[in-house]
Amino acid sequence: MGAIAVWGGIRLALNTEYPILVVSSGSMCPPSNCTLPIGALIVIRGQDPSALKVGDIIVFRPNPNNPNYLIVHRVFQFYTPSNDTTYPGQYAFVTHGDANPPGSNEGPNPGSALVGIYQFTIPIPYLGSAILDIRNFMYDDNSGQPKTQGILVIVALIVALFAFEVAEPGKKTPSSKAPEETKVSAGPTNLFRLGRH
């Protein structure tokens, strides 16, 4: 339960359901000044939309019908409740990927679409790329459903764990005076990657 508590603590401390994400496209990595390369493991802090400003790098949901599809781009325009004509009385923002061609903006998006503001990149080489590779092996990009090989891997792991439990039951020798301990290690099982845009 320790890892679950740590993950919950991170989510609470950073005030967002997705505190750590992996960048999966090059839209924030122009050749001359790459901000967020593919595979970057980034930390996000939840923020009230009123604190946004032009130039912030944010993570948001472009489609409320697909809440797991996230984009990380830079705020290009920002609207307050007094000057927002698309969402009157609300905050709103327009974003643009640093490497995307001019005019390929997203928005306006309502402030409620904001997931968080980029804080920093975790400097662990290849970890984000490894997560992307595993996810690409396990899931179909278009449907979001597990691939056949992904299902087989999951089934194989379940069978292996079951077989291990049967083959290696908890052993307690009569001479053992120390009580047995059951150790559980669990963690977040759903790392979301950022949408391609």
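This text follows the structure it describes.
To keep things clear, this report deals only with the structure shown in the data block.

Conventions and cut-offs
Residues numbered from 1 in each chain as written. Predicted model: local features only at pLDDT ≥ 70, side-chain atom pairs only at ≥ 80, totals over all residues. Heavy atoms only, no water. Salt bridge = Lys/Arg side-chain N within 4 Å of Asp/Glu carboxyl O. Helix = DSSP H or I, 4+ residues; strand = E, 2+ residues; numbered from the N terminus. Phe/Tyr/Trp six-rings, centres within 6.5 Å; stacked < 30°, edge-to-face > 60°. Buried < 20%, exposed > 50% of the residue type's maximum accessible area, 1.4 Å probe, protein only. Pairing = 2+ DSSP bridges. Disulfide = S-S within 2.5 Å. Core = buried A, V, L, I, M, F, W, Y, C linked by side-chain atoms within 4.5 Å. Polar contact = N/O pair within 3.5 Å; in protein donor to acceptor, adjacent residues only side chain to side chain. Axes fitted to C-alpha atoms, helices over the stretch in contact; angles between N-to-C directions. Contact = heavy atoms within 4.5 Å.

## What to know about the pattern of salt bridges
Where charged atoms from two side chains of opposite charge approach closely, those side chains can pair.
Turning to step 1, where the next piece is worked out: Tallying each qualifying case throughout the model produces 2 salt bridges.
Turning to step 2, where the next piece is worked out: Here K53 ties to D56 by a salt bridge, and the two come within 3.2 Å at their closest N and O atoms.

## Structural notes on unusual backbone geometry
Turning to step 1, where the next piece is worked out: The peptide bond linking G107 to P108 adopts the cis configuration, its omega dihedral lying at 10 degrees.
Turning to step 2, where the next piece is worked out: Mapped onto the elements, P108 comes out in strand β6 (residues 105-110).

## Side note on the packing of aromatic side chains
Turning to step 1, where the next piece is worked out: Counted by the stated rule, this structure contains 2 aromatic pairs.
Turning to step 2, where the next piece is worked out: The interplanar angle of 80 degrees and the centroid separation of 5.5 Å between the aromatic rings of F60 and F93 together place this pair among those described as edge-to-face. Note that F60 is positioned in strand β3 (residues 57-60) and F93 in strand β5 (residues 92-96), a separation of 33 residues in sequence.
Turning to step 3, where the next piece is worked out: The class for F93 is buried, based on a relative accessible area of 1%.

## A few points about the pairing of strand β4 (residues 71-79)
Turning to step 1, where the next piece is worked out: The sheet contact formed by β3 and β4 spans 4 bridges and is antiparallel. Bridge pairing in β4 links I58 to H73.

## Observations regarding the state of the cysteines
Turning to step 1, where the next piece is worked out: Scanning the entire structure with this criterion turns up 1 disulfide.
Turning to step 2, where the next piece is worked out: A sulfur-sulfur distance of 1.8 Å marks the disulfide that ties C29 to C34. Taking the sign of the S-S torsion, -115 degrees for the link of C29 and C34, the bridge is left-handed.
Turning to step 3, where the next piece is worked out: Note on C29: relative accessible area 25%, which makes it partly exposed.

## Quick notes on the nonpolar core
A general trend in soluble globular proteins is that nonpolar side chains are found buried together.
Turning to step 1, where the next piece is worked out: With 13 residues, the main nonpolar core has L21, V23, L36, I42, V59, L70 and V72 as its most contacted residues.
Turning to step 2, where the next piece is worked out: When residues of this core are traced back to their parent elements, those giving at least two are β2 (41-45) and β3.
Turning to step 3, where the next piece is worked out: Ranked by size, the runner-up nonpolar core spans 10 residues in total, among them I58, F60, F78 and F93.

## Let's talk about the side chain of S27
Turning to step 1, where the next piece is worked out: Secondary-structure assignment places S27 in the loop between β1 (20-22) and β2.
Turning to step 2, where the next piece is worked out: There is a polar contact of 3.4 Å between the side chain of S27 and the side chain of S25.

## Some words on the sheet that holds strand β7 (residues 114-122)
In any sheet, the strands associate via hydrogen bonds between backbone groups, in a parallel or an antiparallel arrangement.
Turning to step 1, where the next piece is worked out: Sheet architecture is open: 7 strands sit in the order β1-β2-β7-β3-β4-β5-β6, paired in antiparallel fashion. Across the chains shown, the open sheet's two edge strands, defined by having one partner strand only, are β1 and β6. Strand-to-strand twist across the sheet, computed as the mean angle between neighbouring axes with direction ignored, equals 45 degrees.

## Focus on the environment of I58
Turning to step 1, where the next piece is worked out: Locating I58 in the fold gives a position in strand β3.
Turning to step 2, where the next piece is worked out: When its relative accessible area of 0% is taken as the criterion, I58 is described as buried.
Turning to step 3, where the next piece is worked out: Placed 37 residues apart in sequence, I58 and T95 show a C-alpha to C-alpha distance of 8.5 Å.
Turning to step 4, where the next piece is worked out: For I58, the contacting residues outside a window of four places in its chain are L52, I71, V72, H73, V75, F93, T95, L114, G116, I117 and Y118.

Just geometry here; none of it tells us what the structure is for.
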